[in-house]
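If you want the building blocks of each chain, they are given just below.
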Amino acid sequence: MTDNRKGKWADVPAGHRDPLSYAISKRDQSTIAMVEDAVHHKQVMLAYQPVVPAGQSQRAAFYEGLIRVLDETGRIIPAKEFIGAIETTETGRIVDCLALEKGLRTLSMHSSLRLAINMSARSIGYSRWLRILKRGLDADPTVGERLILEITESSAMLVPELVTGFMGEVSQRGVSFALDDFGAGFTSFRYLKDFYFDILKIDGQFIRGIAQDTDNQVLTTALATIGRQFDMITVAESVERAEDAAYLTAIGIDCLQGYYFGAPSVKPVWLNAEERRASA
Ligand code: G
Ligand code: MN
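Residues numbered from 1 in each chain as written. Chains lettered and ligands numbered in written order. Predicted model: local features only at pLDDT ≥ 70, side-chain atom pairs only at ≥ 80, totals over all residues. Heavy atoms only, no water.

Caption draft 1: Focus on the packing of aromatic side chains. According to the stated counting rule, one finds seven aromatic pairs in the structure shown. Geometrically, the ring pair formed by Tyr 63 and Trp 270 is edge-to-face, given 5.1 Å between the ring centres and 65 degrees between the ring planes. In this pair, Tyr 63 sits in strand β2 (residues 62–70) while Trp 270 sits in the loop between β9 (255–257) and α9 (273–278), placing the two residues 207 residues apart along the sequence. Residues Tyr 260 and Phe 261 carry aromatic rings whose centres are separated by 4.9 Å and whose planes lie at 80 degrees to one another, so their mutual orientation is edge-to-face. By relative accessible area, which is 42% here, Tyr 260 ends up partly exposed. Following the ring pairs from residue to residue traces out a cluster consisting of Tyr 48, Tyr 63 and Trp 270. The ring centre of Tyr 191 lies 4.3 Å from the NZ or CZ of Arg 190, which sits over that ring. (Phe/Tyr/Trp six-rings, centres within 6.5 Å; stacked < 30°, edge-to-face > 60°. Helix = DSSP H or I, 4+ residues; strand = E, 2+ residues; numbered from the N terminus. Buried < 20%, exposed > 50% of the residue type's maximum accessible area, 1.4 Å probe, protein only. Lys NZ or Arg CZ within 6 Å of the ring centre and 35° of its normal.)

Caption draft 2: Examining the site of ligand 1 more closely. Every one of the 16 residues lining ligand 1 counts as a neighbour, but Gln 49, Glu 64, Asp 181, Glu 240 and Tyr 259 are closest to it. Residue Gln 49 places a side-chain N or O atom 2.9 Å away from a nitrogen atom belonging to ligand 1. Asn 118 places a side-chain nitrogen or oxygen 3.3 Å from an oxygen atom of ligand 1. Isolated, ligand 1 exposes 530 Å² of accessible area, and the fraction of that covered by the protein chains is 81%. When residues of the shell around ligand 1 are traced back to their parent elements, those giving at least two are β2 and β6 (176–182). (Near = heavy atom within 4 Å. Polar contact = N/O pair within 3.5 Å; in protein donor to acceptor, adjacent residues only side chain to side chain. Areas by Shrake-Rupley, 256 points an atom, 1.4 Å probe, with all protein chains shown as cover.)

Caption draft 3: Structural context of the environment of Ala 278. Summarising the element assignment, Ala 278 is placed in helix α9. Relative accessible area serves as the criterion here: at 69%, Ala 278 is assigned to the exposed category. Taking the C-alpha atoms as reference points, Ala 278 and Met 45, separated by 233 residues in sequence, lie 9.9 Å from one another.

Caption draft 4: Broad picture of the coordination of the manganese ion (ligand 2). Bound to the manganese ion (ligand 2) on the protein side are Glu 64 (OE), Asn 118 (OD1), Glu 150 (OE) and Asp 180 (OD), at distances that span 2.1 to 2.4 Å. If you list the donors of the manganese ion (ligand 2) from N- to C-terminus, the spacing comes out as E-x53-N-x31-E-x29-D. Remark: Glu 150 occurs in strand β5 (residues 147–152) and Asn 118 occurs in strand β4 (residues 115–119); sequence separation between them is 32 residues. Under the relative-accessibility criterion, Asn 118 is labelled partly exposed at 21%. (Donors = N, O, S within 2.8 Å, 3.2 Å for Na, K, Ca; no water.)

Caption draft 5: Region of interest: unusual backbone geometry. One non-glycine residue, Lys 42, lies in positive phi territory at about 55 degrees. Here Lys 42 shows up in the loop between α1 (19–40) and β1 (44–53). On the basis of relative accessibility, which here comes to 51%, the residue Lys 42 falls in the exposed class.

Caption draft 6: Structural view of the pattern of salt bridges. Under the defined criterion, the tally for this structure stands at 10 salt bridges. Taking the shortest distance from any N to any O, the salt bridge between Lys 201 and Glu 64 comes out at 2.8 Å. On the criterion of sequence distance, the pair formed by Lys 201 in strand β7 (residues 199–202) and Glu 64 in strand β2 is long-range, its members being 137 residues apart. Glu 64 shares its class with Lys 201; the two are buried. The salt bridge partner of Glu 243 is Arg 241, with a shortest N-O separation of 3.4 Å. Given the relative accessible area of 29%, Arg 241 is considered partly exposed. Salt bridges sharing partners connect three or more residues here, namely Glu 87, Arg 93, Asp 96 and Arg 122. (Salt bridge = Lys/Arg side-chain N within 4 Å of Asp/Glu carboxyl O.)

Caption draft 7: Inspection of helix α7 (residues 214–229) at higher detail. Counted at 1.5 Å a residue, the expected span for α7 with its 16 residues is 22 Å, and the 23 Å between its end C-alpha atoms agrees. Summarising the contacts, the buried residues of α7 are in contact with β6, β7, β8 (233–236) and α8 (242–250). Measuring from the backbone nitrogen of Asp 215 back to the side-chain oxygen at the start of α7 gives 3.0 Å, which picks out Asp 213 as the cap. Once α7 ends, the next one or two residues include Asp 231, with phi positive near 60 degrees. (Expected span 1.5 Å × (residues − 1). Contact = heavy atoms within 4.5 Å.)

Spelled out as structure tokens, the structure:
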């Protein structure tokens, strides 16, 4: 019988000796290295996706700014491809800093824009991130009421007391908060009473194909009922088809976001020509 610990696996660290987990950890390592390199060279940009009022899709209620990094070949890599690998690392915090910095700059340049920026609850304790936020709010008094901070449900529930304290303070500057990917994480419902979320974003897994999917109909209706009870505006994520949009509008979801209304774009029409060139 051959012993895998000798021969071709001899140089593989303990814990990574089965081929699949070894391949995954290798891929994570190269993802982390690519993102670290991009962040170091500030090769990041925001892509903007509209969130529209249900039934009035010709105008956006607000936009979500989604961080993208450029790899060494200039390809744009969306956050969902790397955020899992870096979320708990310092690079994750720096990505949040760059997203916030870019979002605040865009808000100060476009005085009628409302913009949502993603953050991890882990960034609340990161002093550079807090400094960027305070500086942005102080520099332009109109920015606070146009900024929405989106916190994923899974990270908010890690440190609920920290999140509640932070929200109480920052909401006094006019900033709104959205609970992101609701339904995907592990909400202890009791915290909804303490949090100050203004917006509830229902996770896309419950939205896709909803017009034909009775399970998703029941789940989304239940999640939206929770949102309404706590005075939150409800947003359906990942709306991809006209019939899903019509169904969500009929059950009273407030706002819709997804490819059906517009994919995230690094060159939205309202960015002026100069900014569009800079992000090219
Ligand atoms: O976690 P959060 O909701 O912030 O992530 C949004 C992600 O979902 C972005 O990466 C965005 O590109 C992606 N996205 C946006 N609209 C759609 C959609 O209609 N369908 C799918 N599958 N993904 C979407
Ligand atoms: Mn989001």
